[in-house]
Amino acid sequence: MSEHGIAPDRWATLRSHTPARIGIGRAGTSLPTRELLDFGAAHAQARDAVLLPLDVDSLAAELMTDQGLSSVSVQSRCNEREVYLRRPDLGRRLNAASAESLRAAAGPAVDLVIVLADGLSAIACQRHGLLLLGLLRHELAGGTLSLAPHIIIATQARVALGDDIGALLNARAVLMLLGERPGLSSPDSLGAYLTFAPQVGRNDAERNCVSNIRPEGLPLAIAAKRIAWLLRESLRRQLSGVALKDDSERALLSE
């Protein structure tokens with residue numbers, strides 16, 4: 001007990017190292033008011049992350065201004081957010097107009113097409129997508145890897161939408177930078193999904209994923225290095241998914 005008769009908070013030190021809700025205490029048979037308010041605020045942030053739309057025009061403008069890259073906007077077969085949440089299958093395929101625009105934009109075969117997508121957290125893509133893209137391009141600079149001439153910006157997108165996009169653009173691999181399902185302490189987590197030889201019907205076991213990319217999770221600079229390593233190995237070995245083990249930590253440690 002302290003001199004004021006208050007027991008010391010034995011959880012305080014541990015709580016300072018994690019956003020997880022541990023040792024939050026109680027008030028009678030309920031939670032303390034502060035914890036209830038914090039939980040309500042976190043829940044509201046998670047809902048906003050799922051429901052707020054991606055600002056495609058702003059993203060495209062920043063992409064051109066900051067990195068000098070043009071973009072093509074596409075949408076899945078979901079015409080509104082409610083459909084997207086109820087029908088994941090429709091989020092995995094392009095609508096007819098988007099598919100036609102990509103056919104028109106397709107050129108010679110390329111090594112990689114990169115997709116910025118809303119997924120289940122448009123906030124994640126809006127906050128971190130361009131920065132991660134810039135860091136990744138820096139990691140890949142000086143190599144022989146060829147990129148598609150346009151960055152694809154996709155809305156109402158599920159991970160597998162990249163298979164449709166990559167196949168139409170004659171890409172050896174597709175990289176989806178997509179907002180992940182928000183948690184109560186991580187509404188803006190970005191995921192990177194790499195698939196070699198994209199085609200409709202690929203499954204999740206055929207992809208590599210780097211997840212929880214955000215300042216409070218996996219730092220963007222480290223994520224870019226890990227993705228670059230996976231991409232080079234995927235193209236060299238002509239595979240992705242469970243057959244491609246992520247040994248990027250050895251390369252990062254050597255640096």
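Look a little higher up for the structure.
Cut-offs and rules
- Within every chain, residues take consecutive numbers counted from 1 along the sequence as written.
- Only residues with pLDDT of 70 or above have their local features reported here, since the model is predicted, and side-chain atom pairs are shown and tallied only from 80 upward, although totals for entire chains, interfaces and linings are computed over all residues.
- Side-chain metrics in this entry use all non-hydrogen atoms of the structure; hydrogen atoms and water are not considered.
- Salt bridges are identified by distance alone: a Lys or Arg side-chain nitrogen within 4 Å of an Asp or Glu carboxyl oxygen.
- Strands are runs of DSSP state E lasting at least 2 residues, helices are runs of H or I lasting at least 4, and numbering of each runs from the N terminus.
- Residue exposure (1.4 Å probe, protein chains only): buried if accessible area is under 20% of the type maximum, exposed if over 50%, otherwise partly exposed.
- Site definitions follow a grid-based scheme: protein atoms alone, a 1 Å grid, a 1.4 Å probe that fits but cannot get out for cavities, and for pockets an open set with protein on both sides within 12 Å along at least five of seven lines, plus lining residues having an atom within 4 Å of a point.
- Grid points are joined across faces, edges and corners, and a volume is the space filled by probe spheres set on the points.
- Classes in brief: Ala, Val, Leu, Ile, Met, Phe, Trp, Tyr, Cys and Pro nonpolar; Asp, Glu, Lys and Arg charged; the others, Gly included, polar.
- Two strands pair under a simple rule: DSSP has to find at least two bridges between them.
- To get an axis, fit a line to the C-alpha atoms, keeping to the stretch in contact for a helix; angles then go from 0 to 180 degrees between the N-to-C directions.
- In what follows, residue pairs with any heavy atoms lying within 4.5 Å of each other are defined as contacts.

(A) Up close: the pattern of salt bridges. Scanning all chains against the criterion turns up 16 salt bridges. The salt bridge involving Arg172 is made with Asp111; its shortest N-O contact spans 3.1 Å. Of this pair, Arg172 sits in strand E4 (residues 171–179) while Asp111 sits in strand E2 (residues 110–117); the two residues are 61 residues apart in sequence, bridging distant segments of the chain. On the accessibility criterion, Arg172 (32% relative accessible area) is partly exposed. For Asp111, a relative accessible area of 14% corresponds to the buried category.

(B) Geometry of the layout of surface pockets. One number sums up the size of the largest pocket: a volume of about 340 Å³. Residues belonging to the lining of the largest pocket are distributed by class as follows: eight nonpolar, three polar and seven charged. In this structure, the second largest pocket encloses a volume near 170 Å³. Forming the boundary of the second largest pocket are Arg15, Thr18, Pro19, Ala20, Arg21, Ile22, Ile24, Arg34, Glu35 and Asp38. The element that contributes the greatest number of residues to the lining of the second largest pocket is helix H2 (residues 33–51), accounting for three residues.

(C) Up close: the sheet that holds strand E1 (residues 70–75). One open sheet accounts for six strands, arranged E1-E3-E2-E4-E5-E6; its pairing is mixed. Here the strands that pair on one side only, and so sit at the sheet edges, are E1 and strand E6 (207–213). Going from strand to strand, the sheet's axes swing by 20 degrees on average, the running direction of each strand aside. Here seven bridges tie E2 to E4, and the two strands are oriented parallel to one another. Looking at the pairing, Val110 lines up with Ala171 of E4. Against the sheet, helix H5 (residues 96–105) engages E1 and strand E3 (150–155), with an angle of about 150 degrees to E1.

In short, geometric facts, not functional conclusions.
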